[in-house]
Structure formats: C-alpha cells, structure tokens
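The residues making up each chain are set out below.
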Amino acid sequence: EPAYDTLLVETRGAVGLITLNRPKALNALNAQVIGELARAFEAMEADEAVGAVVVTGSEKAFAAGADIKEMAAKTYAEAFLEDFTPVWRRLVACRKPSIAAVSGYALGGGCELAMMCDMIFAADSAKFGQPEITLGIIPGFGGTQRLAKAVGKAKAMDLILTGRMMDAAEAERCGLVARVVPAERLLDEALEAAAKIAGFSRLATLAAKEAVDVASEASLAEGVRFERRLFQGLFATEDQKEGMAAFVEKRKPAFRNR
Ligand code: CO8
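Residues numbered from 1 in each chain as written. Predicted model: local features only at pLDDT ≥ 70, side-chain atom pairs only at ≥ 80, totals over all residues. Heavy atoms only, no water.

How we decide: UniProt positions are given in the numbering used here, feature names are shortened, and annotations may be inferred rather than shown by experiment.
An unreviewed UniProt entry annotates the protein chain as enoyl-CoA hydratase of Methylopila jiangsuensis. Taken verbatim from the UniProt record of the protein chain, the Sequence similarities (unreviewed entry) comment is "Belongs to the enoyl-CoA hydratase/isomerase family." As stated in UniProt under Function (unreviewed entry), the record for the protein chain gives "Could possibly oxidize fatty acids using specific components."

### Points about helix H10 (residues 202-214)
Because each turn of an α-helix spans 3.6 residues, side chains separated by three or four positions end up pointing in the same direction. We count it as follows: Per the convention used, a helix needs a DSSP run of H or I reaching at least four residues, while a strand needs a run of E reaching at least two, with both numbered from the N terminus. Take the number of residues in a helix, subtract one, and multiply by 1.5 Å to get its expected span. A 1.4 Å probe rolled over the protein chains alone gives each residue an accessible area, and that area as a share of the maximum for its type sets the label: buried under 20%, exposed over 50%, partly exposed in between. Contacts are assigned to residue pairs that have any heavy atoms within 4.5 Å of one another.
Under the 1.5 Å per step criterion, the end-to-end length of H10 is 18 Å for 13 residues, consistent within 8% with the ideal 18 Å. Taken together, the buried positions of H10 are occupied by Arg202, Thr205, Leu206, Ala207, Lys209 and Val214. Where H10 is buried, its residues meet helix H9 (186-199) and helix H11 (220-233).

### Details of the pairing of strand E7 (residues 119-123)
Stated precisely, the cut-off is as follows: Two strands pair under a simple rule: DSSP has to find at least two bridges between them.
Within E7, 4 of the 5 residues are buried, leaving the element largely enclosed by the surrounding structure. As paired elements, strand E5 (residues 98-102) and E7 share 4 bridges and run parallel to each other. When the sheet's bridge partners are listed, Ala100 is paired in E7 with Ile120. Examined bridge by bridge, E7 and strand E10 (residues 179-181) share 3 bridges and lie parallel to one another. Across the sheet, the residue bridging to Ala122 is Val180, located in E10.

### Focus: a nonpolar patch on the surface
Convention followed: Only residues above 30% relative accessible area that lack a salt bridge enter a patch, with like-charged residues linked at up to 9 Å and the nonpolar side chains Val, Leu, Ile, Met, Phe, Trp and Tyr linked at up to 5 Å. Residue exposure ignores everything except the shown protein chains as possible cover, and the areas themselves are Shrake-Rupley values with a 1.4 Å probe. Definition used for salt bridges: Asp or Glu carboxyl oxygen within 4 Å of a side-chain nitrogen of Lys or Arg.
Taken together, the side chains of Ile133, Ile138, Met157 and Leu161 make up a nonpolar region of the molecular surface, amounting to roughly 380 Å² of accessible area. Note that Met157 resides in helix H7 (residues 153-162). Using a relative accessible area of 42% as the deciding quantity, one classes Met157 as partly exposed.

### Here's the deal with the sheet that holds strand E8 (residues 127-129)
Note the cut-off: Axis definition: a line fitted to C-alpha atoms, limited for helices to the stretch in contact. Angles are taken between N-to-C directions and run from 0 to 180 degrees.
Here 4 strands make up an open sheet; going across it, the order is E4-E6-E8-E9 and the pairing mixed. Taken across any chain shown, the strands that pair with only one partner, and hence form the sheet edges, are strand E4 (61-63) and strand E9 (165-167). Averaged over all pairs of adjacent strands, the angle between strand axes in this sheet comes to 20 degrees, irrespective of strand direction. On the sheet, helix H5 (residues 109-116) packs against E4, strand E6 (105-107) and E8 and is oriented at approximately 90 degrees with respect to E6.

### Thoughts on unusual backbone geometry
Trans is the common state for peptide bonds, and a negative phi is the common state for residues other than glycine. For Leu26, which is not a glycine, the phi torsion comes out positive at approximately 50 degrees. Mapped onto the elements of the fold, Leu26 is located in the loop between strand E2 (15-20) and helix H1 (31-46). Notably, Asn257 is not glycine yet its phi reads approximately 55 degrees, a positive angle. Look at Asn257 and you get partly exposed, because its relative accessible area is 33%.

Here it is as structure tokens:
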C-alpha cells in the first residue's frame, strides 16, 4: 500500500480520519491531492473496521481551492482531457457516511470537497465561498449544483456570482452546515459523531445515507418508494432484531452488521 504525500490517513477506532496536509499551499487541491483523496476514500471503503469517515484540514484552511498555480497555464484541450470528474466520482462512490470538519477557509474546490461529504461540521472560524468568478472561471468540481441544492438558488447565485465568503453562522443558517462548534472542539465533535454512526448497524447507516441522497435526484414519490423498499429490507437483518430486542430488554444493542 503506497503512502500518501499530501494527506495523513489513519483510523481512530471505527472512524477513518483523512487530514489534508499541504500546509504551504493552504491545502490547495492539485492533481496529486485529488488522486490521493480518491485512494484514501477507497481504502476506507475497503476497510471493514471503518464505519464512518472524517475529512479535515488545518486550523487555517480546510482547503483554499483547486491549485491556481497548477491551473493557470492550462489550455482548453488540457482542461478537457484532464477532467477530474472520474477521480471525484471514486470519492463520492464511498457508501460509508462522511463528515467534513471545516476550520478556516473552504473555498472553491475546498468548499466543493466539503459538499461532497455527507455533512459539514464547521468551526466558528470557518469561511465558505466559491471565488472562482474572481479568477475568470466558474466552479468546476460540482459547486454550482451542490451549493444550489444545499442552500437554494438565491444564496448560491449570490455566492457564486459575487465570489464573497460567508462565515460559519451564515453557512449554518442557510443549511450548508450541520453544526457550528468552537474551533478547538471541531475535530472531537466530528470524531464523536462519526464514532456514534460507526456504532450503529452498518446495514442501516448505509441504507440511510443512500436514501437521503436519493432526495436530491428523484421525485418525492420515487424517493418515498425507494425508502420504503430499503426500510422493509432492513427487517430481514439480524441487526433489526437485535436493535429492537435490546430496546425492549432495556439494554445496549450489539450490532454485528448482519
Ligand atoms: N492554489 C494555489 N496556491 C494557493 C491557493 C490556491 N487555491 N490558495 C492559497 N495558496 C497559496 C498562496 O499562493 C500562498 O503561497 P506562497 O506563500 O507561495 O505565496 C500560500 O498558499 C498562503 O496563501 P496566502 O499568502 O494567500 O494566505 P492569506 O492568509 O493571505 O490568504 C486566502 C488566504 C484568502 C485563502 C488566499 O490564499 C486566497 O484567496 N486563495 C485562493 C482562493 C481561491 O480563489 N480559490 C478558488 C480556486 S479555483 C477553484 O477552486 C476551482 C475548482 C474547480 C477547478 C477545476 C479545474 C480543473
């Protein structure tokens, strides 16, 4: 298993922790970082001991965007041929729940990476934005779509067309962020939530994630039907029997992912 140059990848109990580690460039996402992120998510997916994943950066920056120095001289032909979409797809394909723990800047590709995770926990110091417009481009890692879905058209247009940053409080108000916590609590809060998720039946957590994700793509009727099939299917699991028996018997359930 080759090591990572731009990430720190470890497991803490049943939680996978991926830390962006390119401090001199504020964790700017170059081709290497993006490739390593895809590889790290695949490793977490493959590791049976891992039940949830946390992605974080440094105190100053989650990630300050795609690497501008790498992009600056790119031609249309190069941009077209070096499409990162398949690489990001490997990351988004992870079925295990993920939390982006964001402190400092989450700009451009950094904000887009955070939005590819299932939820965002923000330090009170966090700053979110899609400043691509200031560089003569637009978001290219899904930002126009995921931001619009997360916060609605009005706020997405405001952020993407003006390039301004929004603070953690505004990001929580508009629904981009699940929780805002004091900066010094951020990683613990994310690791604790991930450990909690990892302690439930994986059959249920993966189904829950898959069902919520359908909400952004299907009609309400289709989504509800999809949910119902997954819900019914869970009654075929030992973990459902165990979870409900434990409730009735007033004890803690011991889920075995079966
Ligand atoms: N790319 C490359 N290097 C960066 C980036 C970046 N996105 N952000 C910061 N750095 C570097 C700086 O150049 C600087 O390096 P050096 O010391 O060698 O000069 C170092 O990191 C520290 O940065 P600053 O000195 O600028 O730190 P400040 O605290 O003064 O400012 C900011 C912090 C406000 C975050 C500032 O660095 C900034 O504005 N960064 C750029 C933010 C930005 O515009 N991001 C969007 C990038 S475009 C994008 O993400 C498109 C995604 C889709 C692209 C698909 C294409 C294939």
